[in-house]
Amino acid sequence: MQNKTPLMIKMTVEHKSWLKSYVDFFKGFAQTDDFKEFIKKINTIENPEHFIYSSVQPTGLMYGFPIRFSDFDVPGLHDLDDHDKTKMILIDCLISCSMFLKTQGVNNEVDMEKMLNEIINNIGDFYSQVFTQNENSANGVAHPDEVEQLIDKRVSGNKKWNKNFWTSYFQNSLLFLDIIYFSRWLQHGDRLRFQKEKEDIYFLIIKIIAASANANSQIEKEEELLFKNFLDSAKMKEEKVKMANDYFFKGITLDSIDFSEIDSWVIKKYLLEIAILTIWSDRLLEDSEKNFLVQLNDKLGFSELELEESMLAIENFVLSNWEKIPYMNEKTDFETIQDNLTERISVAVKGRMELLGKSFPHSEEFERIINNGSVEKLTDAERKILRGHLLELIKDIPSIAVFLLPGGSIMLPQLLKVLSSASSGNPEK
């Protein structure tokens, strides 16, 4: 599979039929070890919203900063311009989350091609309905070229690509909602739900960003840039933009925000992590901001561990992709984030395992891997074994998915130490 990826990237850049190239690339996926791992992940996670989060969060698309494909590494992807990279990662996430519902009975290239063509037709149907209001497209057969145009138009919504690491977040982060509602449509058939709800959700996100920025009664420059990036992406009506600016610069409290209509775990997770990113944009977390996050977490109906896991997910994403991001920050920032993340890994993983009564098996193989991983880079074989163990955690801790990335996380040694401690401590009740 890896030896085909550079060709796919080249064809994406040089030819208009990039979507057909993507399908051709995936036709042999059913015969690879990567696909077997992907199926194992699908079989491990029962909740489709947990699957969406565990697949999309590591890509960066959820935060408006797309970095990588969802479940495997693609050499050369980072060399694409921002527009091409975003549309490739978007289509990959849409397809991956569709496969969660459609992979049963896919055993060969013919099955895979048939499934992919069906998914692409679904994608064309969805975007035609939601963003062009073309009622005649419903249940039609969408040509790949037409789907390419729809995706291209959707991603072209914001041309103001910002290369600054901290202030570029939220550019096209709304694409994450496309994936959530597309998955809902595939499951429940409510084609126009996103069309009806998206503006209200966009405005709710604006309120969350505004409240987060005002949590310490002082708006930082980074927070204002994040707000403006999101406002550019949302493309709201003039009166809504005026209200949004009033909320941001005059302030809004959490008590004035209504969360009662949000019935989705993954959308609530999205709101929480947008708030964390807004507050964390200056790399400082004051007591008033910590209290704000605790209150927001409470209003969303999450446990304390859920907040810790979201902090873990965001910090690990930043560290894991530090060298891939155009804007390089100070070394002290990296070390500060790394220290904070090590502590959060311990709290989130050990706390969740104790709560669930889970433990890792005591075996010479597992002990050898965690001991080796603390002092040297794991081999591909060792990483595959560890992935198998981590898959058991993802079902209940979707945030841990970032550690399953091919190439691994920079924080993997710290995770191994936590797992070693949890294993020897035997938290199972």
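1. A few points about the confidence of the model for the chain
Link 1 in the chain: Mean pLDDT over the chain works out to 76, with 68% of the residues at or above the 70 mark.
Link 2 in the chain: Per-residue pLDDT stays below 50 along residues 1-14; that stretch engages in 28 contacts with residues further than four places along the chain or on separate chains.

2. Some remarks on unusual backbone geometry
Link 1 in the chain: For Ser-217, which is not a glycine, the phi torsion comes out positive at approximately 65 degrees.
Link 2 in the chain: Assignment of secondary structure puts Ser-217 in the loop between helix H9 (193-213) and helix H10 (221-234).
Link 3 in the chain: Not every positive phi belongs to a glycine, and Lys-235 is a case in point at roughly 50 degrees.
Link 4 in the chain: Tracing the backbone through its elements, the reader meets Lys-235 in the loop between H10 and helix H11 (238-250).

3. Observations concerning the packing of helix H2 (residues 18-26) against helix H5 (residues 82-102)
Link 1 in the chain: Interaxial distance between H2 and H5 falls to 12 Å at its minimum, and their mutual angle equals 45 degrees. By the angle between their axes, H2 is oblique relative to H5. Along this stretch, H2 crosses H5, giving a crossing that reads as right-handed. In this structure, H2 contributes Trp-18, Leu-19, Tyr-22 and Phe-26 to the contact, and H5 contributes Lys-87, Met-88, Ile-91, Asp-92, Ile-95 and Met-99.
Link 2 in the chain: For the contact of H2 with H5, the per-class residue count stands at 8 nonpolar, no polar and 2 charged.

4. What about the pattern of salt bridges?
Link 1 in the chain: Evaluated as defined, the whole model comprises 11 salt bridges.
Link 2 in the chain: Between Asp-246 and Lys-250 there is a salt bridge, and its shortest N-O distance comes to 3.9 Å. One end of the pair is Asp-246 and the other is Lys-250, both in helix H11 and 4 residues apart, which spans about a single turn.
Link 3 in the chain: Looking at Asp-246, the relative accessible area reads 27%, which means it is partly exposed.
Link 4 in the chain: Classification of Lys-250 by relative accessible area gives exposed; the value is 68%.

5. Re the packing of aromatic side chains
Link 1 in the chain: Summed over all chains, the structure comprises 12 aromatic pairs.
Link 2 in the chain: Ring centres of Phe-227 and Phe-248 lie 4.1 Å apart, and the angle between their planes is 10 degrees; this geometry places the pair in the stacked category. Here Phe-227, found in helix H10, pairs with Phe-248, found in helix H11; they are 21 residues apart in sequence, far enough to count as distant.
Link 3 in the chain: Through a chain of ring-to-ring contacts, the aromatic side chains of Phe-126, Tyr-127, Phe-182 and Trp-185 assemble into a single cluster.
Link 4 in the chain: Lying over the aromatic face of Tyr-181, Arg-184 brings its terminal NZ or CZ to 5.2 Å of the ring centre.
Link 5 in the chain: The lysine or arginine in question, Lys-240, covers the ring of Phe-203, its NZ or CZ lying 4.3 Å from the ring centre.

6. Focus: the nonpolar core
Link 1 in the chain: Within the largest apolar cluster, 109 residues are counted, with the highest numbers of intra-cluster contacts made by Ile-123, Ile-151, Leu-177 and Ile-205.
Link 2 in the chain: Residue contacts for Ile-151: discarding those within four places in its chain leaves Trp-18, Lys-87, Leu-90, Ile-91, Leu-94, Ile-123 and Tyr-127.
Link 3 in the chain: Of all hydrophobic cores here, the second largest spans 5 residues; its members include Phe-366, Ile-370, Leu-378 and Leu-386.

7. Here's the deal with the side chain of Glu-223
Link 1 in the chain: You can see Glu-223 is positioned in helix H10.
Link 2 in the chain: Once you skip the residues sitting within four places of it in the chain, Glu-223 turns out to touch Ser-212, Ala-213, Gln-218, Phe-248, Thr-278, Ile-279, Ser-281 and Glu-289.

8. Side note on the environment of Leu-94
Link 1 in the chain: With respect to the element layout, Leu-94 can be found in helix H5.
Link 2 in the chain: Along the sequence, Leu-94 and Asn-122 sit 28 residues apart, while their C-alpha atoms lie 10.0 Å from each other.
Link 3 in the chain: Apart from the residues within four sequence positions on either side, Leu-94 is in contact with Ile-123, Tyr-127, Ile-151, Asp-178, Ile-179 and Phe-182.

Conventions adopted
- Residues numbered from 1 in each chain as written.
- Predicted model: local features only at pLDDT ≥ 70, side-chain atom pairs only at ≥ 80, totals over all residues.
- Heavy atoms only, no water.
- pLDDT = per-residue confidence, 0-100.
- Contact = heavy atoms within 4.5 Å.
- Helix = DSSP H or I, 4+ residues; strand = E, 2+ residues; numbered from the N terminus.
- Axes fitted to C-alpha atoms, helices over the stretch in contact; angles between N-to-C directions.
- Parallel < 35°, antiparallel > 145°, perpendicular 65-115°, else oblique.
- Left-handed = near helix turned anticlockwise from the far one by under 90°.
- Nonpolar A, V, L, I, M, F, W, Y, C, P; charged D, E, K, R; others polar.
- Salt bridge = Lys/Arg side-chain N within 4 Å of Asp/Glu carboxyl O.
- Buried < 20%, exposed > 50% of the residue type's maximum accessible area, 1.4 Å probe, protein only.
- Phe/Tyr/Trp six-rings, centres within 6.5 Å; stacked < 30°, edge-to-face > 60°.
- Lys NZ or Arg CZ within 6 Å of the ring centre and 35° of its normal.
- Core = buried A, V, L, I, M, F, W, Y, C linked by side-chain atoms within 4.5 Å.

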